[in-house]
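# Analysis of the macromolecular model
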Amino acid sequence: MSVYSEMLRMALDEDEAGRGSVADLVTHALSCRADLDSGGDASGRLASYLAYDVSLIRLCERMAVPHDMLGVGAGPLVRHDTERRLADRLPSLAAALGGA
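This write-up is about the structure you can find in this document.

### Some remarks on the side chain of Arg79
You can see Arg79 is positioned in helix α4 (residues 76-89). Look at Arg79 and you get buried, because its relative accessible area is 9%. Among the polar contacts made by the side chain of Arg79, one reaches the side chain of Asp53 at a distance of 2.6 Å. With near-sequence residues (within four places) excluded, Arg79 lies in contact with Tyr4, Tyr49, Tyr52, Asp53, Leu56 and Met69.

Printed below as a string of structure tokens:
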């Protein structure tokens, strides 16, 4: 298990936003994704990535989409693959992600 995946597990334990409708979860994920470009210091960027990844995991759980977000390879490549899997099931998300 990587340090990032362990931090992601801890963030999931603290998450309370993952209980809404699919539309709510998509809106939350897109909001978190927008925060990725906000810059800031390293800890702020890490928090943004964790929040976004938690939102993707919650959406996957709700949609029964398989993911490996908590695996050893957790990070940008797995995140992109997860976005693509979700976009395949949700055309509106695909459009918002720019074709993920």
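### What to know about helix α3 (residues 42-63)
Between its terminal C-alpha atoms α3 stretches 31 Å, which fits the 32 Å expected from 22 residues at 1.5 Å a residue. Ser48, Leu50, Tyr52, Asp53, Val54, Ser55, Leu56, Ile57, Arg58, Leu59, Cys60 and Met63 are the residues of α3 that are buried. Where α3 is buried, its residues touch α1 (3-14), α2 (22-35), α4 and α5 (91-96). Trailing α3 by a residue or two, Ala64 shows a phi angle of about 55°, which is positive.

### Focus on the pattern of salt bridges
This model, assessed by the stated rule, comprises seven salt bridges. Residue Glu61 pairs with Arg58 through a salt bridge whose shortest N-O separation is 3.0 Å. A residue pair is termed a helical-turn pair when its members lie 3 or 4 positions apart in one helix, as Glu61 and Arg58 do in helix α3 at three residues. In this structure Arg58 comes out as buried when scored by relative accessible area, which is 15%. With a shortest N-O distance of 2.4 Å, Asp81 and Arg84 are connected by a salt bridge. Taken as a pair, Asp81 and Arg84 lie in helix α4 at a separation of three residues, close to a single helical turn. Arg84 gets classed as partly exposed once you look at its relative accessible area, which sits at 35%. Each of Asp81, Arg84, Arg85 and Asp88 takes part in a single network of salt bridges with overlapping partners.

The rules behind the values
Residues numbered from 1 in each chain as written. Predicted model: local features only at pLDDT ≥ 70, side-chain atom pairs only at ≥ 80, totals over all residues. Heavy atoms only, no water. Helix = DSSP H or I, 4+ residues; strand = E, 2+ residues; numbered from the N terminus. Buried < 20%, exposed > 50% of the residue type's maximum accessible area, 1.4 Å probe, protein only. Polar contact = N/O pair within 3.5 Å; in protein donor to acceptor, adjacent residues only side chain to side chain. Contact = heavy atoms within 4.5 Å. Expected span 1.5 Å × (residues − 1). Salt bridge = Lys/Arg side-chain N within 4 Å of Asp/Glu carboxyl O.

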